[in-house]
Structures are given as C-alpha cells and as structure tokens.
Amino acid sequence: MIPPEQNPAFVAAMEDILDVYQRPYDDKKPVVNMDEHPVQLVKDDA
C-alpha cells in the first residue's frame, strides 16, 4: 500500500527499485540492499 502522503513520483521511484530486483543475476554487477537501520546481522536464527 502506498502511504497517503506520497505522490506519483514516489510510486515511479519505487517501481524503478522493484525493477532492479527483477534483473537476472550478474556477478559483475551484484545487487546490494541497504537497510535503513544501522544493524549488523551476526547470526541467522532461521
């Protein structure tokens, strides 16, 4: 759901980001995801 305070430019930017995640894997251009929280994952409990 789009937050009500956002506009079409926000939606277009989000669609651009989602397009990046749809790209086929390329080891020369890896996709790196940056989280907004400065937290380092040191153990995966899954």
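Structure's up top.
Just so it is clear, the model here is predicted, and its values are computed rather than measured.

Engineer: Whenever I open this one, the overall build of the protein chain confuses me. Can you help?
Structural biologist: Helix and strand content of the protein chain: 1 helix and 0 strands. In the protein chain, which comprises 46 residues, the share counted as buried stands at 0%. Accessible surface, the protein chain: about 5100 Å² in total, of which carbon and sulfur atoms supply 56%. Positive and negative side-chain charges of the protein chain, numbering 4 and 10 respectively, have mean locations separated by a distance of 12 Å.

Engineer: Just to check I follow, could you spell out helix α1 (residues 8-22) for this structure?
Structural biologist: Working note: α-helix, 3.6 residues per turn, so residues spaced by three or four point in the same direction. In this model α1 runs 21 Å from its N-terminal to its C-terminal C-alpha over 15 residues, within 8% of the 21 Å that 1.5 Å per residue would give. Capping the start of α1 is the job of one residue whose side-chain oxygen sits 3.0 Å from the backbone nitrogen of Ala-9: Asn-7.

Engineer: Before we go on, may I ask you to explain the environment of Val-20 in this structure?
Structural biologist: Tracing the backbone shows Val-20 in helix α1. With relative accessibility at 24%, the residue Val-20 sits in the partly exposed group. Taking the C-alpha atoms as reference points, Val-20 and Val-39, separated by 19 residues in sequence, lie 23 Å from one another.

Rules of the game
- Residues numbered from 1 in each chain as written.
- Predicted model: local features only at pLDDT ≥ 70, side-chain atom pairs only at ≥ 80, totals over all residues.
- Heavy atoms only, no water.
- Helix = DSSP H or I, 4+ residues; strand = E, 2+ residues; numbered from the N terminus.
- Buried < 20%, exposed > 50% of the residue type's maximum accessible area, 1.4 Å probe, protein only.
- Areas by Shrake-Rupley, 256 points an atom, 1.4 Å probe, with all protein chains shown as cover.
- Lys, Arg positive; Asp, Glu negative; His and termini not counted.
- Charge placed at Lys NZ, Arg CZ, Asp CG, Glu CD.
- Expected span 1.5 Å × (residues − 1).
- Polar contact = N/O pair within 3.5 Å; in protein donor to acceptor, adjacent residues only side chain to side chain.

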